[in-house]
Amino acid sequence: MTAYDVIVLAGGAAKRLGGADKPGVRVGGRALLDRVLAACDGAARTVVVGDRRATARSVVWTREVPQGGGPLAALGAGLKLTTAEYVLVLSADLPFLGPGTADALLTAAGRPGCEGALCTDPDGRDQPLVAVYRAEPLRRELALIATEYGGLAGLPLRILTAELELARIDAGPDAVFDCDTWDDIAAARARIREHGAVLDEWITSVKNELGIELDVDTGVLLDLARDAAHGVARPAAPLTTFLVGYAAARASAGAGPDEAAAAVAEASRKATALALRWEAEAAEAAGQGGDAAGGPAGGTKPDAGREGTGTP
């Protein structure tokens, strides 16, 4: 993969949000800035231009001069702290940005004759804050603009992009969906709770909150929870998945993410097999039960007071 640095612009005034701290606004339980940082964690160095705050991973902080000088001034400030040949430039309000967008931009920017690549929105408009630029021509043009205009403060990004040979890619509407208004925030929060997305969003949020870098087959865990709930008792589902995680952690202590994921899969397989054996025994007992006794074999009715407590 092409080595790159990233600059995240997080110092805007957020006027359409009433001056709210936009990078800290939460969507799906995670700050917008953290969601963007998660999409570019492959960067060699991450520079955030904005006020310091707690973030999900380590970053380098800086501010444009003067503060509030606009995106071009912020880009110039961030660029001073990068060293890679390619620079990924992002705004801090992209809740659905994924790593695939960075990969696509880097690939396009590496084409012969290109000085960078940027995304276009569904209406075909350029999005210069979802883009990759080659550092050398970017520095060159910023220096020329600063000389011509006496500085970078207050200037629009289109002055820069008009001077660069940029490839355009359509990364889809999610990659360029930004949150400029409270309606945008509400739409983003509603979207992540849609049926097809909510589980992946929740798992990703939990892993980020717990500092876990682990890719596991969630389908296997869901099947295990179903089998435990059906074959043993409903409360067995969360307890079993907790025990599987604990066992996997012990089995893979000191190992890497791949070994940890394999340990989860193996623990899930064993627990699933056990739950299915319990279910088979219950079915066998039901089939052998004495009807005359009014219950399972031996004529003893289950203790109604224990039903649903998780006690086998």
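The rules behind the values
Residues numbered from 1 in each chain as written. Predicted model: local features only at pLDDT ≥ 70, side-chain atom pairs only at ≥ 80, totals over all residues. Heavy atoms only, no water. Pairing = 2+ DSSP bridges. Helix = DSSP H or I, 4+ residues; strand = E, 2+ residues; numbered from the N terminus. Axes fitted to C-alpha atoms, helices over the stretch in contact; angles between N-to-C directions. 1 Å grid on protein atoms, 1.4 Å probe; cavity = no way out; pocket = protein on both sides within 12 Å on 5 of 7 lines; lining within 4 Å. Points joined across faces, edges and corners; volume = space filled by probe spheres on them. Nonpolar A, V, L, I, M, F, W, Y, C, P; charged D, E, K, R; others polar. Parallel < 35°, antiparallel > 145°, perpendicular 65-115°, else oblique. Left-handed = near helix turned anticlockwise from the far one by under 90°. Contact = heavy atoms within 4.5 Å.

(A) Molecular detail of the sheet that holds strand E4 (residues 46-49). Sheet architecture is open: 7 strands sit in the order E5-E4-E1-E6-E8-E7-E9, paired in mixed fashion. Since the sheet does not close on itself, it has two edges, and those belong to strand E5 (60-62) and strand E9 (166-169), each with one partner. Along the sheet, successive strands turn relative to each other by an average axial angle of 25°, direction set aside. Relative to strand E8 (residues 126-134), strand E7 (residues 116-120) is paired through 5 bridges, and the arrangement is antiparallel. Within the sheet, the bridge partner assigned to Cys-119 lies in E8 and is Gln-127.

(B) Up close: the layout of surface pockets. Put simply, the largest pocket is a space of about 910 Å³. Breaking the lining of the largest pocket down by element, the ones donating at least two residues are helix H2 (71-79) and E8. The greatest single-element share of the lining of the largest pocket, amounting to 4 residues, is contributed by E8. Across the lining of the largest pocket, the residue classes break down as 17 nonpolar, 8 polar and 9 charged.

(C) Just the packing of helix H10 (residues 236-251) against helix H11 (residues 257-288), in detail. Look at H10 against H11: their axes get within 8 Å of each other, and the N-to-C directions meet at 135°. Classified by the angle between their axes, H10 and H11 sit oblique to one another. Seen along the crossing, H10 lies across H11 with a hand that is right-handed. Touching Thr-240, Val-244, Ala-248 and Ala-251 of H10 are Ala-263, Val-264, Ala-267, Ser-268 and Ala-271, all from H11. When grouped by side-chain class, the residues that make up the contact of H10 with H11 number 7 nonpolar, 2 polar and no charged.

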